Amino acid sequence: MKMCGLSLRIVALAALTLQTTSAVILTRYSKIISAGPPYYSTTLVLMAELAKFVLSLFLVFVVDARAAQPDGARFDFGETFRTWKDNIVAENFVNPRDTLHLAIPAALYTLQNNLIYVALNNLEATTFQVGYQMKIITTAVLSVLMLNRRLSAKKWVALLLLTVGIIGTQVDSSSKVQLDKSNHQQSFPVGIVSVLTCGCCSAFAGVYFEKILKGSNPSVWMRNTQLAFFSGVIALVGVLGDEGARANFFQGYSWIVWAIVAVQAVGGLIIAVVVKYADNILKGFATALSILLCGAASAVLFGFQPSTTFAVGSMVVMGATMLYSAPDTSPGNSPNTLLPLGRKGSSHV
Ligand code: C5P
């Protein structure tokens, strides 16, 4: 599939790199500039899931229901609406067990989404990214185990190099980053445990979502709607269990918090396209490259001074990316060698 002459996979991966960078920088920045009381991360997660749900449902209407109309036919709102409604009923209520599969990644993503704010609150943006990217190897191992994917020796070397490159940026002892001007206490152990747990949740949820997306019939937007629905319900439980958030839901909601909600919501759509048209391992490379962008943005915005180790680590990350993306003739790398799950057939966007 092409978009402006470029493959949809490349466009989606580039968009994901930009989205990840802006999400991290915006979230960090929001903590620094906030003068008044802080926002509740539980409410932010809920708002982001709500936005993803509405956007995905809209895309089921605009893309899926429209695509079901005869070619060249004039847009008929009533007919498209009926197709949309029938799609929703057929793919959610006729076989609810299939829909329920999405509750698993939803629960893991929700845990991850809440821990992300704990991690970001306790770590500097680049360290956060580095810890988070440890999930690359976990994701590769799970892809082999759960999706029957085979990775050539070259690709494993690239993945290891990527990890080494990331560690190179992690041992950045001179990263005396002028990030925290708000005097709030930061705890490195709390931050690092949170970020590593985030990575494990993300790896399993991502590979499981990929298995569902590529191994069953409903479109990527329908699957995303289902995922956002379950994530939203769990996030709502989180808000209801948080007395402060319940009482002051929109406390601290400045323009930047709304911007984070928007970036997260669009990110959910981009991730779904990436997982559908590329895979979770390539997604890992795209987000790893965002470390480099985060470093550059942090230098401009927060006075981050990249050390030699950061620079060398960044170069290794780029080398690993090039090595991984070099043509590979070994068989078995098809992203579609999946175990069956749910109703089989070809998905459509
Ligand atoms: O990069 P990583 O896999 O850790 O990102 C996971 C994030 O993407 C989670 O916050 C999850 O809610 C979100 N996501 C999404 N829509 C998807 C898949 C993941 O919003 N289809």
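Our subject is the structure listed above.
Heads up: these notes are all about the structure in this document.

Thresholds, definitions, all that
Residues numbered from 1 in each chain as written. Predicted model: local features only at pLDDT ≥ 70, side-chain atom pairs only at ≥ 80, totals over all residues. Heavy atoms only, no water. Near = heavy atom within 4 Å. Polar contact = N/O pair within 3.5 Å; in protein donor to acceptor, adjacent residues only side chain to side chain. Areas by Shrake-Rupley, 256 points an atom, 1.4 Å probe, with all protein chains shown as cover. Nonpolar A, V, L, I, M, F, W, Y, C, P; charged D, E, K, R; others polar. Axes fitted to C-alpha atoms, helices over the stretch in contact; angles between N-to-C directions. Helix = DSSP H or I, 4+ residues; strand = E, 2+ residues; numbered from the N terminus. Parallel < 35°, antiparallel > 145°, perpendicular 65-115°, else oblique. Left-handed = near helix turned anticlockwise from the far one by under 90°. Contact = heavy atoms within 4.5 Å. Core = buried A, V, L, I, M, F, W, Y, C linked by side-chain atoms within 4.5 Å. Buried < 20%, exposed > 50% of the residue type's maximum accessible area, 1.4 Å probe, protein only. Phe/Tyr/Trp six-rings, centres within 6.5 Å; stacked < 30°, edge-to-face > 60°. Lys NZ or Arg CZ within 6 Å of the ring centre and 35° of its normal. Expected span 1.5 Å × (residues − 1). Bend = angle between axes of the 7 residues up to and from the residue.

We now examine the site of the ligand. Around the ligand, 15 residues are found, and the nearest of them are Lys52, Gln112, Asn113, Tyr132 and Lys283. One of the side-chain N or O atoms of Asn224 is found 2.7 Å from a nitrogen atom in the ligand. Between the ligand and Gly268, the relevant distance is 3.4 Å, taken from a nitrogen atom to a main-chain nitrogen or oxygen of the residue. Calculation on the ligand without its partners gives an accessible area of 460 Å², and the protein chains cover 93% of this total. Residues belonging to the shell around the ligand are distributed by class as follows: six nonpolar, five polar and four charged.

Turning to the packing of helix H10 (residues 220–240) against helix H12 (residues 255–277), a few remarks are in order. At a minimum axis distance of 10 Å, the contact between H10 and H12 shows a crossing angle of 130°. What the angle tells us is that H10 and H12 run oblique. For the pair H10 and H12, the crossing hand works out as right-handed. Here Val220, Trp221 and Asn224 of H10 come into contact with H12, specifically with Gly268, Leu269, Ala272, Val273 and Lys276. Along the lines of polarity and charge, the residues of the contact of H10 with H12 split into five nonpolar, two polar and one charged.

Within the largest apolar cluster, 56 residues are counted, with the highest numbers of intra-cluster contacts made by Leu159, Leu162 and Tyr324. Excluding residues that lie within four positions of it along the chain, Leu162 makes contacts with Ile136, Phe285, Ala288, Val317, Ala320 and Thr321. Ranked by size, the runner-up nonpolar core spans 32 residues in total, among them Leu44, Leu115, Ala235 and Ile260.

What follows is about the packing of aromatic side chains. Applying the stated rule across the entire model yields 13 aromatic pairs. Counting every residue linked through ring pairs, the aromatic cluster contains Phe61, Phe75, Phe77, Phe81 and Trp84. Looking at Lys155, its charged tip hangs above the ring of Tyr324, at a distance of 4.4 Å from the centre.

In this section: the side chain of Asn92. Considering the arrangement of structural elements, one finds Asn92 in helix H3 (residues 77–92). Note on Asn92: relative accessible area 14%, which makes it buried. There is a polar contact of 2.8 Å between the side chain of Asn92 and the side chain of Gln226.

Turning to the side chain of Asn280, a few remarks are in order. In this fold, Asn280 is placed in helix H13 (residues 280–302). A distance of 2.8 Å separates a polar atom in the side chain of Asn280 from the backbone oxygen of Gly206.

If you check helix H2 (residues 41–67), its first and last C-alpha atoms are 37 Å apart, about what 27 residues at 1.5 Å a residue would give, namely 39 Å. The largest bend in H2 is about 25°, located at Val60.

Honestly, that's just the spatial picture; any functional story needs more than this.
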